[in-house]
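Structure at a glance
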Amino acid sequence: QVQLVESGGGLVQAGDSLRLSCAASGRTFSSYSMGWFRQAPGKEREFVAGISWTGTRTNYADSVKGRFTISRDNAKNTVYLQMNSLKSEDTAVYYCAADRQIRVTTAPDYWGQGTQVTVSS
């Protein structure tokens, strides 16, 4: 069992930066690929970024590539999402996810409760 708790969301202006954190419980954190998803009002949840077990491989949605960076610290059981050059269309609830697969899928094994990110233009 893995519990995920996100933090770091908030209200920012367009062009600002924000860093989300996701703290995971359990001693097997390094066995999971991790990812960030988001869901805007009236839209389906979408993949944002993923990182492999060891952190050596990352992948991003085209909409955030070059602006967002995912990273992880297995010693701290934490995954991060650094978001730069934020746009109003980045406004959403951001969810952390853990997946037993080598690469995070659209149906991960565990979800966090979400953290709201609001970008004002």
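**What about the state of the cysteines?**
This structure, assessed with the given rule, holds one disulfide. Disulfide partner of C22: C96, at an S-S distance of 2.1 Å. Here C22 and C96 share a disulfide; its torsion about the S-S bond, -80°, makes the bridge left-handed. Linking C22 in strand β3 (residues 18-24) with C96 in strand β9 (residues 92-99), this pair joins segments that are 74 residues apart in sequence.

**A word on the pattern of salt bridges**
All told, the structure shown has five salt bridges when counted by the stated rule. Measuring nitrogen to oxygen at the nearest pair gives 2.7 Å for the salt bridge that ties R38 to E46. When its relative accessible area of 6% is taken as the criterion, R38 is described as buried. Among the salt bridges present, the one from K65 reaches D62, with a minimum N-O distance of 3.1 Å.

**Regarding unusual backbone geometry**
Even without glycine at this site, N77 takes up a positive phi of about 55°. Its place among the elements puts N77 in the loop between β7 (68-73) and β8 (78-83).

**Let's talk about the nonpolar core**
Judged by nonpolar contacts, the single largest core of 30 residues is most densely connected at L4, M34, W36, V79, L81, M83 and Y94. Looking at this core, the elements with two or more residues in it are β3, β4 (33-39), β5 (46-51), β7, β8, β9 and β11 (115-120).

**Description of the pairing of β3**
Most of β3 sits inside the fold, with five of its seven residues counted as buried. Bridge analysis of strand β1 (residues 4-7) against β3 gives four bridges, and the strand direction is antiparallel. Paired with L4 across the strands is A24, a residue of β3. In the sheet, β3 pairs with β8 via six bridges, with the strands oriented antiparallel. When the bridges of β8 are listed, R19 appears paired with Q82.

**Considerations on the sheet that holds β3**
Pairing is antiparallel across the open sheet formed by four strands, whose spatial order is β1-β3-β8-β7. Bordering the open sheet on either side are β1 and β7, each of which pairs with just one other strand. Ignoring which end each strand starts from, the neighbouring axes of this sheet average 15° apart.

Conventions adopted
Here the residue numbers are simple positions, counted from 1 along each chain's written sequence. Selection of residues for local features in this predicted model requires a pLDDT of at least 70, selection of side-chain atom pairs for listing and counting requires 80 or more, and totals for whole chains, interfaces and linings are taken over all residues. In computing side-chain values, all of the structure's heavy atoms are included and hydrogens and water are not. The rule for a disulfide is simple: a pair of cysteine sulfur atoms within 2.5 Å. Only DSSP runs of H or I reaching four residues or more are called helices, and only runs of E reaching two or more are called strands; each is numbered from the N terminus. The salt bridge definition used is simple: a Lys or Arg side-chain nitrogen within 4 Å of an Asp or Glu carboxyl oxygen. Think of it in three bands: with a 1.4 Å probe and only protein chains considered, a residue is buried below 20% of the maximum accessible area for its type, exposed above 50%, and partly exposed in between. Note on terminology: a nonpolar core comprises buried Ala, Val, Leu, Ile, Met, Phe, Trp, Tyr and Cys residues joined through side-chain atoms within 4.5 Å. Note on pairing: two strands pair once DSSP finds at least 2 bridges between them. Every axis in this analysis is a line fitted to C-alpha atoms, fitted for helices over the stretch in contact. Angles between the N-to-C directions lie between 0 and 180 degrees.

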